Amino acid sequence: MSRLYDTVEPSVIDEEMLMRAVEEQGPKEEAGKIAKTEGMDFGDVSSLRLDFKNILKIDGLWEFINLTKLQLDNNIIEKIEGIDMLVNLVWLDLSFNNIEVIEGLDNLTKLEDVTLYNNRISRIENMDTLVNLQVFSIGNNDLKELENITYLRRFRKLKTLNLSNNPFCEFDNYKQYVAAFLPHLEFLDYRLLDDQTKAAAYERHMIQIEEMLDNEKKAQAREEEAQRQATELELHKKAFVELLNGPHLFESMYSEDVEGQKLKEMPGVDEILVTFSEKFTAICQQIFEYGLQEHKKRDAEVAMFWDCVEEAKSENKELGMKAVDEFMLEKKRMFAELSQVTDPKMMEQRVSEYNAGVTELWDKLMGLELQLVDQLEEVIQNFDRNMQDLVSTFIEQLQGFLSQARDAENVHNERMLEIAQITLDKVAKNELDDEISEDLRMLFVDKDTIMNAVSTSHDAHLLKIDNKEDDIVTRINNWLKSMIETIHDEQEIQRNRSRVTEINHLIDHLREEIDNLEVGGGHTY
């Protein structure tokens, strides 16, 4: 698969090459001259041809954000790279290059037509995100295994496929295999796949296909379950109670508790540990359910807030449009009158009246905007107070639940101290020689050592509870602070600035209209 120009010095995609390509493919004649004079904006280019340029590396295309068609065929490209930002690409031609691996296409989800004909590719892969793929040409490559074809089953929109001149095309059952495993395909290697061919192919490979369908259904079920769990976890995170609907927090108390792991071996600990686990996990479940309940309340409050904001903006906009419409009617009447006036004094008086009307319109619109600002500020303040109350109530209840968890840990610790004392006495009397490990025995050298071990385990558990409380409280407070700041600073202030600018532009335009108006006698005022 060599190229005639492989011995030529590779070219680099630079500004000059891109400019020349855009000029060659861009508007001609007068439009082309204007484009050259005013400069090329690569962001406006939708189609680009860079074929037969002896390009070795794809680079420098980041400005072509609206590109839908890219032609890079007949170069010496070895790696698919430098196009991941071209998210609007629909058509991509990389045929007649030296590419060995399909890669770098993850972001190009709009691709419908991909051509990789005549390269050095040995595996079809890394195309999972191309859900809109309809035409795929990968003929004249190095595909040896028919299993590559089954990868293409995921592309439900794929209708046209070219696999010709690959090593596996020499297999006797090649076309039948493709027709059987890609039932949505309409054209293979530039020929129509009729229903009769598909039916015969399915019958021959029925057992394999049924097994594959079964595996695909199971895989889909696993994927759907994973997605469901991910969606649930995201909801739980938004409610700040993720991983509290089970024994996770309880288990995490022991995960890094070295002493606690040893102390579990003491006779009698198993029973009290089960009781402790059940009670502690039940408290966590209460936190979890309460958290979801409070999340719904916060969500409802947020939705109500935005409804109020939109209602206020809508009413204000209607009043503003009414004022503008009334002025426009008056302007039309006044301009018609001015076109007939020839007396300079009368003309000056009418123009003065028009400018006064423009000023009055500005006052009305700015007054409405100030009114909206005050109204929205009050809505935001009320929302902030309500949310502060909801968050404070949530934190207070959370701390109450976690106090119960600490109480449960304290009760468990007292039982552990009792068992440790009993076990110490038995060890001293050599009654447990064969019942405890050497690691646990080392804790019973004296009373201080074993009591310190129990205390250390207890402190580790309390620290886990404290950290969980701090984490939830910090996150929900930061969430509220960030949301209020975003609403007030980023959204409301920006909206106000944008509206004031819009009003001033309108007023400037209205004043320019009277300045440029040709009045009676054909003169511009």
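Within every chain, residues take consecutive numbers counted from 1 along the sequence as written. Two thresholds apply to this predicted model, a pLDDT of at least 70 for residue-level local features and 80 or more for giving and counting side-chain atom pairs, whereas whole-chain, interface and lining totals are computed over all residues. Based on all heavy atoms of the structure, the side-chain values leave hydrogens and waters out of the count.

1. Details of the overall build of the protein
Formally: For the purposes of this entry, the term helix denotes a DSSP run of H or I that reaches at least four residues, the term strand denotes a run of E that reaches at least two, and both are numbered from the N terminus. C-alpha atoms define the radius of gyration in this analysis, and the globule rule sets the expected value at 2.2 Å times the number of residues to the power 0.38. Throughout, exposure labels follow a simple rule: accessible area from a 1.4 Å probe, protein chains only, divided by the maximum for the residue type, with under 20% read as buried, over 50% as exposed, and the rest as partly exposed.
A tally of regular secondary structure across the protein gives 12 helices and 12 strands. For 525 residues, the compact-globule formula gives about 24 Å, and the C-alpha radius of gyration of the protein, at 37 Å, lies well above that figure. Expressed along its principal axes, the backbone C-alpha trace of the protein runs to roughly 125 × 80 × 50 Å. Classification of the 525 residues of the protein by burial places 39% in the buried group.

2. Regarding the packing of aromatic side chains
Our working rule: Only Phe, Tyr and Trp rings are paired, with Trp represented by its six-membered ring, and only when their centres lie within 6.5 Å; those with planes under 30 degrees apart are stacked, over 60 edge-to-face, the remainder tilted. Criterion for a charge above a ring: Arg CZ or Lys NZ at most 6 Å from the ring centre, at most 35 degrees from the ring normal.
As enumerated under the stated definition, the model contains 16 aromatic pairs in all. For the pair Tyr 151 and Phe 155, a centre-to-centre distance of 6.1 Å together with 65° between the ring planes defines the contact as edge-to-face. Both residues of the pair, Tyr 151 and Phe 155, belong to the buried class. Each member of the aromatic cluster is reached from another via a ring pair, and the members are Phe 250, Tyr 254, Phe 276 and Phe 280. Note that Arg 154 overlies the ring of Tyr 151, its terminal NZ or CZ placed 3.8 Å from the centroid. Across the ring face of Trp 479, the terminal group of Arg 298 is positioned such that the distance to the ring centre comes to 5.7 Å.

3. Let's talk about helix α10 (residues 344-428)
Put simply, the test is: Take the number of residues in a helix, subtract one, and multiply by 1.5 Å to get its expected span.
Under the 1.5 Å per step criterion, the end-to-end length of α10 is 121 Å for 85 residues, consistent within 8% with the ideal 126 Å. One or two steps after α10, the chain reaches Asn 430, where phi turns positive at roughly 60°.

4. Examining the packing of helix α7 (residues 248-255) against helix α12 (residues 447-515)
Keep this limit in mind: Each axis is a line fitted through C-alpha atoms, and for a helix only the stretch in contact is used; angles between axes span 0 to 180 degrees, taken between their N-to-C directions. Each angle gets one of four labels, with under 35 degrees taken as roughly parallel, over 145 as roughly antiparallel, 65 to 115 as roughly perpendicular, and the rest as oblique. Should the near helix be turned counterclockwise from the far one by less than a right angle, the crossing is left-handed, whereas a clockwise turn marks it as right-handed. It only takes one pair of heavy atoms within 4.5 Å for two residues to be counted as in contact. Throughout, the ten residues Ala, Val, Leu, Ile, Met, Phe, Trp, Tyr, Cys and Pro are labelled nonpolar, Asp, Glu, Lys and Arg are labelled charged, and all others, Gly among them, are labelled polar.
Where α7 meets α12, the closest approach of the two axes is 9 Å, and the angle between their N-to-C directions is 130°. In this view, α7 runs oblique relative to α12, as classed from their interaxial angle. When you trace α7 past α12, the crossing you get is right-handed. Packed against α7, whose contacting residues are Leu 249, Ser 252, Met 253 and Tyr 254, the element α12 presents His 461, Lys 464, Ile 465 and Lys 468 at the interface. In terms of residue class, the contact of α7 with α12 is made up of 4 nonpolar, 2 polar and 2 charged.

5. Here we look at the side chain of Asn 75
Inclusion rule: The term polar contact refers here to a pair of N or O atoms within 3.5 Å; inside protein, the definition further demands a hydrogen-donor-capable atom paired with an acceptor-capable atom, and it admits residues adjacent in sequence only when both atoms are side-chain atoms.
Positionally, Asn 75 belongs in the loop between β4 (69-71) and β5 (91-93). A polar side-chain atom of Asn 75 sits 2.9 Å from the main-chain carbonyl oxygen of Leu 50.

6. Re α7
When α7 is considered as a whole, its buried residues turn out to be Leu 249, Phe 250, Ser 252, Met 253 and Tyr 254. Residues of α7 that are buried sit in contact with α8 (258-263), α9 (269-338), α10 and α12.

7. A closer look at the sheet that holds strand β9 (residues 187-188)
One key point about sheets: their strands pair by backbone hydrogen bonds, in either a parallel or an antiparallel sense. Put simply, the rule reads: Here, strands pair whenever DSSP counts at least two bridges between them.
Taken together, 8 strands build an open sheet; the order of strands is β2-β4-β5-β6-β7-β8-β9-β10 and the sheet is mixed. Two strands bound the open sheet, and with one partner strand each, they are β2 (47-49) and β10 (191-192). One ladder, built from 2 bridges, connects strand β8 (residues 160-162) with β9; its direction is parallel. Within β9, the residue paired with Leu 161 across the bridge is Leu 188.

8. Some thoughts on a negative patch on the surface
Rule in force here: Each patch is built from residues that are more than 30% exposed by relative accessible area and take part in no salt bridge. Like charges join if they lie within 9 Å; nonpolar side chains (Val, Leu, Ile, Met, Phe, Trp, Tyr) join within 5 Å. Residue-level accessible areas treat just the shown protein chains as cover; the underlying method is Shrake-Rupley with a 1.4 Å probe. Counted as salt bridges are all cases of a side-chain nitrogen of Lys or Arg within 4 Å of a carboxyl oxygen of Asp or Glu. In this tally Asp and Glu are treated as negative and Lys and Arg as positive; neither His nor the chain ends contributes. Note on charges: their place is set at NZ of Lys, CZ of Arg, CG of Asp or CD of Glu.
Negative charge collects at one region of the surface, where Asp 14, Glu 15, Asp 41, Asp 44 and Glu 63 lie side by side. Inspection of the secondary structure assignment puts Asp 14 in the loop between β1 (11-12) and α1 (15-25). Residue classification places Asp 14 among the partly exposed positions, given a relative accessible area of 36%.

9. A word on the side chain of Arg 350
When you line up the elements, Arg 350 lands in helix α10. On the basis of relative accessible area, Arg 350 is assigned to the buried category, the value being 18%. Among residues more than four places away in sequence, those in contact with Arg 350 are Met 334, Glu 337 and Leu 338.

10. Some words on the pattern of salt bridges
With the rule as written, the count across this model stands at 25 salt bridges. Close ionic contact of Glu 16 with Arg 20 constitutes a salt bridge, the shortest N to O distance being 3.5 Å. With Glu 16 and Arg 20 both in helix α1, this residue pair falls 4 residues apart, about one helical turn. Linking Glu 502 and Arg 499 is a salt bridge whose minimum nitrogen-to-oxygen distance equals 2.9 Å. Taken together, the residues span about one helical turn, with Glu 502 and Arg 499 both in helix α12 at a distance of 3 residues. Accessibility expressed as a relative area gives 47% for Glu 502, which makes it partly exposed. Using a relative accessible area of 22% as the deciding quantity, one classes Arg 499 as partly exposed. One network of salt bridges, with partners in common, ties together Glu 330, Arg 333, Glu 337, Arg 350 and Glu 353.

11. With respect to the nonpolar core
Just so we agree on the cut-off: Remark: nonpolar core denotes a set of buried residues (Ala, Val, Leu, Ile, Met, Phe, Trp, Tyr, Cys) joined through side-chain atoms within 4.5 Å.
Of all hydrophobic cores here, the largest spans 61 residues; its most connected members are Met 266 and Phe 280. If you list the elements that add at least two residues to this core, you get α7, α9, α10 and α12. Looking at which element gives the most residues to this core, the answer is α10, with 20 residues. Not counting chain neighbours up to four residues away, the residues in contact with Phe 280 comprise Leu 249, Phe 250, Met 253, Ala 405 and Ile 465.

12. Here's the deal with the environment of Phe 327
Relative to the helices and strands, Phe 327 is located in helix α9. Sequence spacing of Phe 327 and Gln 71 is 256 residues, and the spatial spacing of their C-alpha atoms is 54 Å. Not counting chain neighbours up to four residues away, the residues in contact with Phe 327 comprise Tyr 354, Gly 357, Val 358, Leu 361 and Leu 510.

13. Points about the confidence of the model for the protein
To keep it simple, the criterion reads: Confidence scores per residue from the predictor, reported as pLDDT, run from 0 to 100.
Here the protein averages 89 in pLDDT, and 94% of its residues register 70 or above. The low-confidence segment residues 28-38 (pLDDT under 50) makes 5 contacts with residues lying over four places distant or belonging to another chain.

14. Section: the packing of helix α4 (residues 174-181) against helix α5 (residues 195-204)
Packing of α4 against α5 brings their axes to within 8 Å, and their N-to-C directions diverge by 90°. Considering their axes alone, α4 and α5 lie roughly perpendicular with respect to each other. Together, Gln 176, Ala 179 and Ala 180 of α4 and Thr 197, Lys 198, Ala 200, Ala 201, Tyr 202 and Arg 204 of α5 make up the contact between the two elements. Tallied by class, the residues present in the contact of α4 with α5 amount to 5 nonpolar, 2 polar and 2 charged.

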